[in-house]
Amino acid sequence: AGHPWIYRSDVSDVQAAPGDLVRVTGTRGRIVGHALFSDRSEISLRMVTLGAEPPPASFVRDRLEAALRFRESLAIAPDYAPAIDAMRSARLKIH
């Protein structure tokens, strides 16, 4: 159970820049998982994986490609094509 995010008030120590992928540990030092960090949102950690295993290096690319496949499966009207084009551009710039 639970939710895939952690509020700023529940975070005790951060050594990361906005957008960094960070290892999340519990109060006893056990690795909870890995998350993306935000210094501006009340939700400061958005979990990407649970457990000690970090996500693969390609996880952002994989998520973008899955989103593109899903949007294309919806057969969205051409009016929404700019959003799909922007996602494709972002996908090409990720290394």
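Given the structure is predicted, the values throughout are model-derived calculations rather than measurements.

Counting its secondary structure elements, the protein chain contains two helices and four strands. Start at the N end of the protein chain and walk to the C end: the helices and strands fall as β-β-β-β-α-α. Partitioning the intrachain contacts of the protein chain with sequence separation of at least 6 by distance along the chain shows that 30% fall at a separation of at least 24. As displayed, the protein chain offers around 7200 Å² of accessible surface, 54% of which is attributable to carbon and sulfur atoms.

Before going further, it helps to spend a moment on the sheet that holds strand β4 (residues 43–50). The four strands lie next to each other as β1-β4-β3-β2, forming an open sheet whose pairing is antiparallel. Unpaired on one side and paired on the other, β1 (5–7) and β2 (21–25) mark the two borders of the sheet. Across the sheet, the mean angle from the axis of one strand to that of its neighbour is 40°, orientation sign disregarded.

All right, on to the side chain of His-34 then. The residue His-34 is located in strand β3 (residues 31–37) in this model. A relative accessible area of 7% places His-34 in the buried class.

Looking now at the side chain of Ser-44. Relative to the helices and strands, Ser-44 resides in strand β4. On the accessibility criterion, Ser-44 (2% relative accessible area) is buried. In this structure, Ser-44 is in contact with Ile-6, Tyr-7, Arg-8, Val-11, Leu-36, Phe-37 and Ser-38, ignoring residues within four places of it in sequence.

A few words now on helix α1 (residues 59–73). Taking 1.5 Å as the rise per residue, α1 with 15 residues should run 21 Å; its terminal C-alpha atoms sit 21 Å apart, in good agreement. Residues of α1 that are buried include every one of Phe-59, Leu-64 and Leu-68, and no others. Of the residues flanking the end of α1, it is Ala-75, one or two places downstream, whose phi is positive at about 50°.

Our focus in this paragraph is the environment of Met-47. Structurally, Met-47 is set in strand β4. Residue class for Met-47 comes out buried when judged on its relative accessible area of 16%. Separated by 25 residues in the primary sequence, Met-47 and Val-22 place their C-alpha atoms 9.3 Å from one another. Once you skip the residues sitting within four places of it in the chain, Met-47 turns out to touch Pro-4, Trp-5, Ile-6, Val-24, Val-32, Gly-33, His-34 and Ala-35.

Procedures and definitions
- Residues numbered from 1 in each chain as written.
- Predicted model: local features only at pLDDT ≥ 70, side-chain atom pairs only at ≥ 80, totals over all residues.
- Heavy atoms only, no water.
- Helix = DSSP H or I, 4+ residues; strand = E, 2+ residues; numbered from the N terminus.
- Contact = heavy atoms within 4.5 Å.
- Areas by Shrake-Rupley, 256 points an atom, 1.4 Å probe, with all protein chains shown as cover.
- Pairing = 2+ DSSP bridges.
- Axes fitted to C-alpha atoms, helices over the stretch in contact; angles between N-to-C directions.
- Buried < 20%, exposed > 50% of the residue type's maximum accessible area, 1.4 Å probe, protein only.
- Expected span 1.5 Å × (residues − 1).

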